[in-house]
2 protein chains.
Amino acid sequence: MFEFEITAKNNRARAGVFTTPHGDLLTPVFAPVGTQATVKTLTPEHLKDINASLVLSNTYHLYLRPGDELIRDMGGLHKFMQWGRPMLTDSGGFQVFSLAQTRKIDDDGVTFKSHIDGSTHRFTPEKSIAIQENLGADIIMAFDECSDPNNHAYSKLAMERTHRWAERSLKAQTRRDQALFGIIQGGIQADLRTESAKFIASLDTPGIAIGGLSVGETKQEMHDTLDVIEPHLPENKPRYLMGVGTPEDLINGVARGIDIFDCVLPTRLARHNAAFSPAGRLNLMNATFARDEHPIDETCDCYTCTTFTRAYLRHLIVAKELLAGTLISIHNLRSLTRLMEQIRVYIVDGTFEENSPLLLEQWKNNAGKKMGNSEWEVA
Amino acid sequence: MFEFEITAKNNRARAGVFTTPHGDLLTPVFAPVGTQATVKTLTPEHLKDINASLVLSNTYHLYLRPGDELIRDMGGLHKFMQWGRPMLTDSGGFQVFSLAQTRKIDDDGVTFKSHIDGSTHRFTPEKSIAIQENLGADIIMAFDECSDPNNHAYSKLAMERTHRWAERSLKAQTRRDQALFGIIQGGIQADLRTESAKFIASLDTPGIAIGGLSVGETKQEMHDTLDVIEPHLPENKPRYLMGVGTPEDLINGVARGIDIFDCVLPTRLARHNAAFSPAGRLNLMNATFARDEHPIDETCDCYTCTTFTRAYLRHLIVAKELLAGTLISIHNLRSLTRLMEQIRVYIVDGTFEENSPLLLEQWKNNAGKKMGNSEWEVA
């Protein structure tokens, strides 16, 4: 069911095809995040226009609202939100640790209070898999614990728990039409990441995820960690770097053998009136755009850039019109999708290594902006 | 430039074609309202899918933000908001009276404070026309004063001022590619409405608007007023009933010889989670829809109804996802557009009189709901 064929390689960068029940996924790929069964402010038609191929949705949020059993009864997540292409759900682990009001972790699972109404819930590996089976995404995740990356003792504990939970997740799986990925943890500790990579690889899951990055470590630490992990990963399985990232991260991640990425950044930036551009991050509310007749990005082929001026977008923002968020989301998501398409062409052509410094320069050094998460991230 | 051809009549109901610089307008027609150069939450592509043909935008709002001169410099309103079909702007009069913080009316014009920042501005007939010429809509309005419908003395005063302002508006017009409509006022006073209809008709403008209705009077009073006006209107000019209305109002208005309507109702309802349906107004947040696999309206051909279930829409609403407003707006606007298309077919077929009671029944009596503005309107 879940074949992964590598069609081209440039050093560690790979172009591949991952076969899923909802069609072939061309990698490397960036997945827009549809937290609550919707990529915020966009219709599935917009996503198709953007040429999005994989959409992520969040187990924690959908479990709480509207409930995974309701979505199952409505025919599953694909049908519910009318997305006919591949989907991925996370395990809920990261959200329990980052969003829930209070949480108590033990070896069996996590008890937490909903951020919506304070009600008490419990996730275990078995529960996470049961929820993800109800949701029915093509790619699902083992339940994991994300640690503080700088605390070795806690990272070790969380990693060991993640390994036992990965085994229990696999054992709990009953559907064969979902690819269950194990997740490597271990903070930024080389010894732990090596151990975790070896262990998760040994489980022989149809794909492997790398969790616990882009959570506060430096770019160098992220790259070093990916460099430590990569040699221990099986060649013939897709590798998913969870919750990453910026355009720079995508380029650097592909160069380190990553095939799948996701991040809320493009849509979150859009809701804060910020757009990706070759000149760096544009804050479209800026008065300098009031009479700017250019599109956000002259080189972009998205609906927003081929249709509207910066002046119009600024007007929508100043007038508090919600259409601004929709139009900038379209552009930001198309920007990353297009970057990945470009990267894939380079890999297939055998020119990725040669072109990636240029790509990095183009996406990094403009307007003197550092493009790390800390720069792009908004509250 | 602005020819109006009546292609069919059923008693007083008319099907026509109004020629504008941005294409032929088939009447009767319902115009979605794009107050701030956007029909809230929708792209122009959505509006084309809905088969919207005429879009209204508000002079008062655009004058204040982003400014009519900016829009002129960006190539005009059509280009600014990328709507290539006919557009209409109002005179700003109604908004000055209903939205501005304070206002002082004299025979020359109105001084008012902006509802946005309290700054002081002044509209005169000449200023309103200058703004509307900068915006560049196909159909523009003479500056008018909307009175309290129940106060005969004030209605008379406001009507007389409206007449003098209509003459000044006409005199101020310099562009010949915009159809300037005079506006009939006179509250719900038969004598005033008769006088106003005769006077405005005498100005020989390419179309005639009826203002000051749907502002608190009863349905019967609205119908009686339309009945008083109609005999005095020239046959060969389009008639525009401003700010009206509900599905019921459209059917009753067409029966009384009206060709053009506009109202914020469909999009405003959508933002409050309410949808038009053959079963009356649906509040889609209602828990009864949580597992409802039907579309809003089985008979509707809109994107929302052909794609999504009520259960999904309710989930979006409960999860506070903005996509809900977009999807319900699409449905509500398509519902009224489709109603007008149906009415036009009936008129052309010569069956409008025979079918209008059925249409009224279908749109009025469902779920025991009275569908007057007071029922549909939301704060």
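(A) Representation of the overall build of chain A. Broken down by element type, chain A carries 16 helices and 16 strands. A compact globule built from 379 residues would reach a C-alpha radius of gyration of about 21 Å, and chain A, at 20 Å, matches this within 12%. Principal-axis analysis of the C-alpha atoms gives chain A an extent of 60 × 45 × 40 Å. A burial count over chain A gives 57% of its 379 residues as buried. Contacts in chain A between residues at least 24 apart in sequence constitute 68% of all its contacts with a sequence separation of at least 6.

(B) View of the sheet that holds strand 1 (residues 4-10) of chain A. Residue and element names in this part refer to chain A. An order of 1-2-3 is seen for the three strands of this open sheet, with the pairing classed as antiparallel. Each edge of the open sheet carries a strand with a single partner, namely strand 1 and strand 3 (23-27). Across the sheet, the mean angle separating the axes of adjacent strands is 10° when strand polarity is ignored. With five bridges connecting them, strand 2 (residues 13-20) and strand 3 associate as antiparallel partners.

(C) Quick look at the interface of chain B and chain A. Each partner contributes to the interface: chain B provides 29 residues, whereas chain A provides 29 residues. Of all the elements in the fold, those that place two or more residues in the side of chain B that touches chain A are helix 3 (68-73), helix 4 (77-81) and helix 13 (310-318) of chain B. For the side of chain B that touches chain A, the element with the highest residue contribution is helix 13 of chain B, accounting for five residues. Class assignment of the residues belonging to the side of chain B that touches chain A gives a composition of 15 nonpolar, eight polar and six charged.

(D) Molecular detail of the sheet that holds strand 7 (residues 103-105) of chain A. Residue and element names in this part refer to chain A. The strand order 7-8-9 describes an open sheet built from three strands, whose pairing is antiparallel. The sheet is open, and its two edges are formed by strand 7 and strand 9 (120-123), each paired on a single side. Put simply, the sheet's adjacent strands are angled 15° from each other on average, direction ignored.

(E) Local environment of the relation of the copies chain B and chain A. Once turned by 180° and shifted 0.0 Å along the axis, chain B lies on chain A with an RMSD of 0.0 Å. Both copies of the chain, as the preceding transformation shows, are related through a two-fold rotation axis. Counting the interface residues of chain B, we find that 100% of their copies in chain A are interface residues as well, pointing to one common contact surface.

(F) How the structure looks around unusual backbone geometry. Between Thr 27 of chain A and Pro 28 of chain A the backbone carries a cis peptide bond, its omega angle lying at 0°. With respect to the helices, strands and loops of the structure, Pro 28 of chain A is situated in the loop between strand 3 and strand 4 (29-31). Of note, the bond from Arg 65 of chain B into Pro 66 of chain B is cis; its omega dihedral lies within 30 degrees of zero at 10°. Relative to the assigned elements, Pro 66 of chain B resides in the loop between helix 2 (59-64) and helix 3. Here Ala 37 of chain B, not a glycine, exhibits a phi torsion of approximately 65°, which is positive. Tracing the backbone shows Ala 37 of chain B in the loop between strand 4 (29-31) and helix 1 (44-50). With 26 C-beta atoms packed within 10 Å, Ala 37 of chain B lands in the buried category. Phi at Gln 82 of chain B takes a positive value of approximately 60°, unusual for a residue other than glycine.

(G) Quick peek at the environment of Gly 34 of chain A. Residue and element names in this part refer to chain A. Relative to the elements of secondary structure, Gly 34 occurs in the loop between strand 4 and helix 1 (44-50). Under the C-beta neighbour-count criterion, Gly 34 is labelled buried, with 29 such atoms within 10 Å. In this structure, the C-alpha to C-alpha distance between Gly 34 and Thr 59, residues 25 residues apart in sequence, is 11 Å.

(H) Expanded view of the domain arrangement of chain A. Residue and element names in this part refer to chain A. Segmentation of chain A into domains returns domain 1 (28-264) and domain 2 (269-376). Its C-alpha centre places domain 1 at a distance of 27 Å from the equivalent point of domain 2. Each partner contributes to the interface: domain 1 provides 22 residues, whereas domain 2 provides 26 residues. Elements with a contribution of two residues or more to the side of domain 1 that touches domain 2: strand 4, helix 1 and helix 10 (247-255). A per-element tally of the side of domain 1 that touches domain 2 places helix 10 first, with six residues. Looking at the side of domain 1 that touches domain 2, its residues break down into twelve nonpolar, six polar and four charged.

(I) Region of the structure containing the packing of helix 8 (residues 190-202) of chain B against helix 9 (residues 219-229) of chain B. Residues and elements named next belong to chain B. It is at 9 Å that the axes of helix 8 and helix 9 come closest, and there the two elements cross at 40°. What the angle tells us is that helix 8 and helix 9 run oblique. Like other packed secondary-structure pairs, helix 8 and helix 9 cross with a definite hand, here right-handed. Note on element contacts: helix 9 touches helix 8 through Thr 225, Val 228 and Ile 229, opposite Ala 190, Arg 193, Thr 194 and Ala 197. A class-by-class count of the residues in the contact of helix 8 with helix 9 yields four nonpolar, two polar and one charged.

(J) Region of the structure containing the nonpolar core. By size, the foremost hydrophobic cluster in this structure holds 224 residues, and its most contacted members are Phe 181 of chain A together with Phe 181 of chain B. Excluding its chain neighbours within four sequence positions, the residues that come into contact with Phe 181 of chain B are Ile 139, Met 141, Ala 142, Thr 205, Gly 207, Ile 208, Ala 209 and Tyr 240 of chain B.

(K) Quick peek at the pairing of strand 8 (residues 110-113) of chain B. Residue and element names in this part refer to chain B. What you see with strand 8 is a clean split: Val 110 and Phe 112 sit on the buried side and Thr 111 and Lys 113 on the side with no burial. Taken together, the three bridges between strand 7 (residues 103-105) and strand 8 define a ladder with antiparallel strand orientation. Pairing of Arg 103 across the sheet is with Phe 112, part of strand 8. Hairpin connection from strand 7 to strand 8: four residues lie between these consecutive antiparallel strands. One ladder, built from four bridges, connects strand 8 with strand 9 (residues 120-123); its direction is antiparallel. Following the sheet pairing, Phe 112 is matched in strand 9 by His 121. Here strand 8 folds back onto strand 9 in antiparallel fashion, the turn holding six residues, of which Gly 118 has a positive phi close to 75°.

(L) Here's a closer look at helix 14 (residues 323-349) of chain B. All names here are of chain B. Across its 27 residues, helix 14 extends 39 Å between first and last C-alpha, which sits within 8% of the 39 Å expected from 1.5 Å per residue. Summarising burial for helix 14: 21 of the 27 residues are buried, a large majority. Among the residues trailing helix 14, Gly 350 stands out with phi positive, at a value near 75°.

(M) View of the environment of Leu 265 of chain B. You can see Leu 265 of chain B is positioned in helix 11 (residues 265-271). C-alpha of Leu 265 of chain B to C-alpha of Met 222 of chain B: the two residues are 43 residues apart in sequence and 17 Å apart in space.

Calculation criteria
- Residues numbered from 1 in each chain as written.
- Chains lettered and ligands numbered in written order.
- Predicted model: local features only at pLDDT ≥ 70, side-chain atom pairs only at ≥ 80, totals over all residues.
- Helix = DSSP H or I, 4+ residues; strand = E, 2+ residues; numbered from the N terminus.
- Rg over C-alpha atoms; globule rule 2.2 N^0.38 Å.
- Buried ≥ 20, exposed ≤ 12 C-beta atoms within 10 Å, placed from the backbone.
- Contact = placed C-beta atoms within 7 Å.
- Pairing = 2+ DSSP bridges.
- Axes fitted to C-alpha atoms, helices over the stretch in contact; angles between N-to-C directions.
- Nonpolar A, V, L, I, M, F, W, Y, C, P; charged D, E, K, R; others polar.
- Least-squares fit on C-alpha atoms with pLDDT ≥ 70 in both.
- Domains from an automatic or database assignment.
- Parallel < 35°, antiparallel > 145°, perpendicular 65-115°, else oblique.
- Left-handed = near helix turned anticlockwise from the far one by under 90°.
- Core = buried A, V, L, I, M, F, W, Y, C linked by C-beta atoms within 7 Å.
- Expected span 1.5 Å × (residues − 1).

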